[in-house]
Structure formats: structure tokens, C-alpha cells
Number of protein chains: 2
Amino acid sequence: MFTGLSAFPLTPLTENGIDEKSFVRLIDRLVSAGVDSIGALGSTGSYAYLTHEDRARVARLAVENAGDVPVMVSIGSVRTSDVLRLAEDAQQAGVKSVLLAPVSYQKLNEDEVFTLYETVSRNLSVPLCVYDNPNTTHFEFSDALYMRVAQLPHVASIKIPNLSPDPVATRQRLDALRALLPAHIKLGAAGDLAAATVLTQGGDVWYSVIAGLFPEIPVAIARAAKRGNAAEAQALSAQLEPLWVLFRKHGSVRVVAAAAELLGMVSAPCLPLPLQSLGGDERQRLAGVLEQLRLQA
Amino acid sequence: MFTGLSAFPLTPLTENGIDEKSFVRLIDRLVSAGVDSIGALGSTGSYAYLTHEDRARVARLAVENAGDVPVMVSIGSVRTSDVLRLAEDAQQAGVKSVLLAPVSYQKLNEDEVFTLYETVSRNLSVPLCVYDNPNTTHFEFSDALYMRVAQLPHVASIKIPNLSPDPVATRQRLDALRALLPAHIKLGAAGDLAAATVLTQGGDVWYSVIAGLFPEIPVAIARAAKRGNAAEAQALSAQLEPLWVLFRKHGSVRVVAAAAELLGMVSAPCLPLPLQSLGGDERQRLAGVLEQLRLQA
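Here is what the cut-offs are and how they apply
- Residues numbered from 1 in each chain as written.
- Chains lettered and ligands numbered in written order.
- Predicted model: local features only at pLDDT ≥ 70, side-chain atom pairs only at ≥ 80, totals over all residues.
- Heavy atoms only, no water.
- Axes fitted to C-alpha atoms, helices over the stretch in contact; angles between N-to-C directions.
- Helix = DSSP H or I, 4+ residues; strand = E, 2+ residues; numbered from the N terminus.
- Parallel < 35°, antiparallel > 145°, perpendicular 65-115°, else oblique.
- Left-handed = near helix turned anticlockwise from the far one by under 90°.
- Contact = heavy atoms within 4.5 Å.
- Nonpolar A, V, L, I, M, F, W, Y, C, P; charged D, E, K, R; others polar.
- UniProt positions renumbered as here; feature names shortened; annotations may be inferred.
- Core = buried A, V, L, I, M, F, W, Y, C linked by side-chain atoms within 4.5 Å.
- Buried < 20%, exposed > 50% of the residue type's maximum accessible area, 1.4 Å probe, protein only.
- Least-squares fit on C-alpha atoms with pLDDT ≥ 70 in both.
- Pairing = 2+ DSSP bridges.

1. Here we look at the packing of helix α6 (residues 143-150) of chain A against helix α7 (residues 167-180) of chain A
All names here are of chain A.
Turning to step 1, where the next piece is worked out: Where α6 contacts α7, the two axes come as close as 10 Å, and the packing angle between them is 45°. With respect to their mutual orientation, α6 and α7 come out oblique. For the pair α6 and α7, the crossing hand works out as right-handed. Residues D143, Y146 and M147 of α6 touch α7, and the partners they reach there are R173, L177 and L180.
Turning to step 2, where the next piece is worked out: Residue composition of the contact of α6 with α7, by class: 4 nonpolar, no polar and 2 charged.

2. So, the UniProt feature "binding site: pyruvate" (unreviewed entry) in chain A
Residue and element names in this part refer to chain A.
Turning to step 1, where the next piece is worked out: Feature annotation in UniProt assigns "binding site: pyruvate" (unreviewed entry) to the following positions: T44.
Turning to step 2, where the next piece is worked out: Note on placement: T44 falls in the loop between β4 (37-40) and α2 (52-65).
Turning to step 3, where the next piece is worked out: For T44, the contacting residues outside a window of four places in its chain are F8, P9, L10, T11, V209, V253 and V256.

3. A look at the nonpolar core
Turning to step 1, where the next piece is worked out: Ranked by size, the top nonpolar core spans 234 residues in total, and within it L243 of chain A together with L243 of chain B carry the most contacts.
Turning to step 2, where the next piece is worked out: Residues within four places of L243 of chain B in sequence aside, it is in contact with I210, V255, L286, V289, L293 and L295 of chain B.

4. Some points on unusual backbone geometry
Turning to step 1, where the next piece is worked out: For the bond running from L273 of chain A to P274 of chain A, omega is 10°, close enough to zero to count as cis.
Turning to step 2, where the next piece is worked out: Note on placement: P274 of chain A falls in the loop between α12 (252-262) and α13 (280-292).
Turning to step 3, where the next piece is worked out: Even without a glycine there, the phi angle at N162 of chain A is positive, about 60°.
Turning to step 4, where the next piece is worked out: As for its position among the elements, N162 of chain A is in the loop between β8 (155-160) and α7.
Turning to step 5, where the next piece is worked out: A positive phi angle, close to 75°, is found at H154 of chain B, a residue other than glycine.
Turning to step 6, where the next piece is worked out: One can find H154 of chain B in the loop between α6 (143-150) and β8 (155-160).

5. Details of the environment of E241 of chain A
Turning to step 1, where the next piece is worked out: Considering the arrangement of structural elements, one finds E241 of chain A in helix α11 (residues 241-250).
Turning to step 2, where the next piece is worked out: Placed 48 residues apart in sequence, E241 of chain A and L193 of chain A show a C-alpha to C-alpha distance of 8.2 Å.

6. Describing the packing of helix α10 (residues 230-239) of chain A against α11 of chain A
All names here are of chain A.
Turning to step 1, where the next piece is worked out: Two elements in contact, α10 and α11, have axes separated by 5 Å at closest approach and are oriented at 60°. Taken together, the axes of α10 and α11 lie oblique to each other. Of the residues in α11, those touching α10 at S237, A238 and Q239 are E241, P242 and W244.
Turning to step 2, where the next piece is worked out: Residue composition of the contact of α10 with α11, by class: 3 nonpolar, 2 polar and 1 charged.

7. Side note on the relation of the copies chain A and chain B
Turning to step 1, where the next piece is worked out: Least-squares fitting of chain A to chain B yields an RMSD of 0.0 Å, with the transformation described by 0.0 Å of translation along the axis and a rotation of 180°. Here the two chains are linked by the operation of a two-fold rotation axis. Measuring from the rotation axis to each C-alpha of chain A, the shortest distance belongs to H138 of chain A, at 4.0 Å.
Turning to step 2, where the next piece is worked out: Taken together, the interface assignments show that 100% of the residues at the interface of chain A recur at the interface of chain B, consistent with an identical surface on both copies.

8. Examining the sheet that holds strand β1 (residues 4-7) of chain B
Residue and element names in this part refer to chain B.
Turning to step 1, where the next piece is worked out: With respect to topology, 8 strands assemble into a closed barrel ordered β1-β4-β5-β6-β7-β8-β9-β10, the strand pairing being parallel. On average, each strand axis in the sheet is tilted by 25° relative to the strand beside it, whichever way the strands run.
Turning to step 2, where the next piece is worked out: Judged from the 4 bridges that link them, β8 and strand β9 (residues 186-190) form a sheet pairing that is parallel. By the bridge assignment for β9, S157 is matched with K186.
Turning to step 3, where the next piece is worked out: Packed onto the sheet, helix α4 (residues 110-122) meets β6 (97-100) and β7 (128-131) and runs at close to 165° relative to β7.

Right, dumping it as C-alpha cells:
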């Protein structure tokens, strides 16, 4: 499941908990658009804000509504014992893989992070994607740690942050990683802005925020990349630049949450407080961008 | 309760949950040593790793065993609704104040942090200490935000990180803050290394990790500072320099956890995985430091 386009939907909330109807509609939309996999309960899906029970419920809803599209969910938590329970819940829900970031409160060191992955991978039956996300975990993987973790059973992919939109730099980085890591490890772009570059320069998969809400253009980008048409993939991505501007300024989750609210696809507010989607002028600006790009519910 | 020495004990764990007996012994030790207040369930007390139920239980144990010594607990969580529930639980347990850091997964902006404090302070009956801890929250308070938050009802103190061990710099910083903030806001040192300086240069309170395990020298430092004897306070703090070296290198929580394990005050491991206390050579080095400083169970 670690190829092509993996779409990460919101987990819309209401005052009373998960907005299950809206979530199922988001899943339906992804299936109809032909994404290659679904990353439910990613950072965009607010996994870090939800109870174990809610996470199990959302995982089940995603699997039940995704048809043949494989579903991955995040099992991250600050405590190893919770991660193990979440892994069990996710597998019982029928996910095809799990995503694990070294979520922390106290800053973790390399040995602690390795031991976390070692413990979890030992207790797993499905493939695991290493979620490297320093913006939220404040942990920086070294290449040496990538190498250690990639040797563990079930580890199948790495979601790599901060890859460059420059094709030469990205090609070099991916080649360097391939030389270090076992051949079966799939390399994925975390972050939408450089994804067209990553997919056309040897990356395997795009773990995508924008595709969780607006899958059509990302599906077209992934297909163009697969055909080897780098120019088309880049041109499609460049179309979305007005969104990338807002992503860079506010963080992608606030932007897609505001877009879903503006288009009536979820009730507002749909994010867990204290997080807030865009307000005021920036919300108006986003409304203009959605109209300009013809992004609709 | 926001004056003198506030001691932050570990919450020792075993495989089966909270090690209540060891925790109560730690509280007894703090009461006997004459600390001015107890900060249970601080970062050192692993609040971010525990369930609501465990946090309520630990708060109750602390209050029941602290006698006349006022108890504060952390109510931090990534989600506002959880913070509100934790505040309610803490107050029902009988705490005299609460400590709140803007704990995050997605990086928070200033408006989100202000709204968090506004919401919580509106629903509170006890004083609140603002816990500014960028090492764990990855949020940097500006002075402008200090000013906004300090106007809120119940806000009574700020736990300030990264104050300087240089007396002139610390005096200037504290004077500058006093000029900005309402007079009733008590200014506290977070971080043990500069605490003697802070207490002798106009700070109100030392929120102390080391005092949570070894309260005697910190009590002596706080009393010397209160008598205006800066030289004695500084000399006592300088004695602890071998510990400060380890704090800087490994983070204070790993060091005090290893010390408690080495001295048999808790069972090992006492931290929630993936966190690990010191191992190998560094553990041996700590054992030597404890002996040299005559720090005992």
C-alpha cells in the first residue's frame, strides 16, 4: 500500500465528539477519486487529540467505508504502553498498516526512539510506516537511526519530511537513502509542497494532506508522475501554489479544516480546541483561493 | 503558595501502574524537610504520560499526605476539553492551585494559547500558575502574551524558563517583567540551575526538580535567600554543580529518576517508557555524585 497517493482526511469533530457522518463522506470522496490508500487518523486526522475509544471507532469507520482501498492509521502516543494498545485496536479494526511517530512530551533520545520502534514492531502483524515529523514530535531522525529502524520486522516505509522542491536535491537525497536502507523500504513524501518533485524523482508514495479533502488534482499528479510525465505533475502542483502559501503560513491542518468548514463539508469548528482553523481575513482569502481553483464540496 | 521552595516529586511507576507507596514516601519526605509547597504531577511527575484517572488518584494521594503543605498539580493536556476535566478533578482532589502549560501536538499560535488560558481560568476556583516550558511545549511565550494572560482571573504566578545564573541579567529580567505585569503575579524560576540567583535577585519562588527528591539543600538555599544571604545561597547551589552537569546533559527527569532507582526509593524502571533513566557509565557516574554529595534515601 506504500505507493502512489495516500490521502490523509480530517477527523471532523463536533461539540459531542466525532462527526461520523461527515467523516464517512470524506472517506467516500477519497474512494471515488481513486486514491491508492487512505491515512486515517494522521496528524490532519487529529489522532493526538482523541481517546483510544474514538481512535478505534474512527479506524473501524474508515476500514468499513474504504472498500478495497487499504487504510493506515496512526498509533502514536507519548507512552509506549498506549502505543501497543492502539496498535492492537487498529489491527482489530482491520487496518492494512500503521503509522508511528515518536510523539513526545519530554524530548526523546535516539536509544529511546529505537527501543520504541523495536518494542512496537515486535508486537505487530501488519506493516509499519515510520512517521518522521519533527514539526510535531520535535525529534530529528539521523540517517543512522533510519538504518537501525529500517532493519526491524514490519517496517515498510518512511514518511520523510522536508524534502526539497528542487528535483536535483531530491533525487540525490532519495538515492542516498536507497543506498543506506533495505530495498523493500518505500520512501514517501510528507508535506504536499514538494510531493510532485518527490514522485517524479524516485519517491514511492505521497502522504498527502490536501488529497484528504481535494483528491482529484493529487490523483492526477500521482498518475502523471507514474507515467513519467514530470512536467505535467509539476504543472498541476504549481496550480495549487495559492494553497501552498497558506499551508506555509498557518500549517496545513488549519487550512484544510477551514476549507472543509467553508464548503459545508463539516460543521464549524471541526478541530479540537485549542486548535483553531483560519479566521477573519485569512479565512476570506482561503475562500477566494477555493473559488479560483474551483475546489468544491 | 507561590513563595519560597516548591518541590516537584517524581510519580514513580511500576509495570502495574502508579507505585503509590513510593509516591507517598516521597511526599512525606518533602513535608518533613519543610518545603513551602509541593508541585505534584509536574513534568518530573510524568503528568503528560498518565490517564485522567491516575492523575486524579495521584492528586488525591498528594493532598492527603501533604498535611498543611499546599499542593499544586499540572492540568496540562493537548486538548482544551481534557484540560477542563483535569482542572475539575484536581480541584475535587483538594489542590490549592493548578499549573498549566500549553501542551501541544500541532504547534500552537498565540491566540490559541491565550484562548486556552482564558477558557480554563473562566472555569477555575483556585489560583493558576502559567507553566512556560518551551522544552516540552515548543511554544515560546512573548512578553505581550505574558501580559494578556496575567490579566486573566485566577492567574497568580508564572514559572519562567531559562533565567540566567548571572545576577545582573536576572535582576534586569525580573524588574522588566514586574514593570509589565500586575503586582500580584509571583515570578518563579523553572530550572534548578539558576534558582539560587533567581531567589536572591527578586524572584518569588523556585519550582524545583531536585527538591522533589533531595529537599534539604534546596530548603537551605531558599532560607538563605529569604534572609538575604546571597553568598550562602549561591555556595549551596554551587555544591550541587556535579548534578547540574548531568541535568544539562540528560534532562533533569532522567537524572532524578535514576537517583531514586539507585537509592532504592522506587523500583526500577520508574519512568514511563519510552523514557529511560540513565544507564551504563552515566548511571555509575551519578552513583558517584550521590555519594560525593552525601545524597541519601
